[in-house]
Amino acid sequence: GLAVYRMSVMLAMESGPFDVLDNFRKRLPRAGMLSKLFACPFCLSVWFGLAGACVLPYYNGVWFVVSALALSAFATMWVKRLG
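Each value, and the rule that gives it
- Residues numbered from 1 in each chain as written.
- Predicted model: local features only at pLDDT ≥ 70, side-chain atom pairs only at ≥ 80, totals over all residues.
- Heavy atoms only, no water.
- Helix = DSSP H or I, 4+ residues; strand = E, 2+ residues; numbered from the N terminus.
- Buried < 20%, exposed > 50% of the residue type's maximum accessible area, 1.4 Å probe, protein only.
- Contact = heavy atoms within 4.5 Å.
- Areas by Shrake-Rupley, 256 points an atom, 1.4 Å probe, with all protein chains shown as cover.
- Expected span 1.5 Å × (residues − 1).
- Phe/Tyr/Trp six-rings, centres within 6.5 Å; stacked < 30°, edge-to-face > 60°.

**Q** Give me the lowdown on the overall build of the protein chain, citing residues and values where you can.
**A** Secondary structure summary: the protein chain contains 5 helices and 0 strands in total. Order of helices (α) and strands (β) in the protein chain, N terminus to C terminus: α-α-α-α-α. Looking at the protein chain as a whole, 31% of its 83 residues qualify as buried. The contacts in the protein chain between residues at least 6 apart in sequence include a share of 50% that link residues at least 24 apart. Within the structure as shown, the protein chain displays about 5,700 Å² of accessible surface, and the carbon and sulfur contribution to it stands at 72%.

If you want it as structure tokens, here you go:
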């Protein structure tokens, strides 16, 4: 959950060393969907939650979806709490 939070906030809000992440976001097309995705830590947390659920052991598809949403919800809670 903390890894999902950290990746979401880092890609959406932080500049990174030598402004690498700022330059990455500036190179995205302004009107494109990717530009909107990388501007929102809540949206990124859903995608990183899905990626994080891939490494967790699960027994069926329902558990996979629940794990992905739980990771996203954890990250969203920390984004709202820490601002």
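**Q** Outline helix H1 (residues 2–13), listing residues and values.
**A** Taking 1.5 Å of rise per residue, 12 residues should cover 16 Å, and H1 covers 16 Å from first to last C-alpha, within 8% of that figure. Looking only at H1, the buried set comprises Val-4, Tyr-5, Ser-8, Val-9, Leu-11 and Ala-12. Contacts made by the buried residues of H1 are with helix H2 (20–27), helix H4 (41–54) and helix H5 (61–82).

**Q** How would you summarise the packing of aromatic side chains if you had to cite specific residues and measurements?
**A** Under the defined criterion, the tally for this structure stands at 2 aromatic pairs. With a centroid separation of 5.2 Å and 85 degrees between ring planes, the pair formed by Phe-24 and Phe-38 is classed as edge-to-face. Here Phe-24, found in helix H2, pairs with Phe-38, found in the loop between helix H3 (33–37) and H4; they are 14 residues apart in sequence, far enough to count as distant. In this structure Phe-24 comes out as partly exposed when scored by relative accessible area, which is 36%. Looking at Phe-38, the relative accessible area reads 14%, which means it is buried.

Everything listed here is a matter of coordinates, which is why it stays silent on function.
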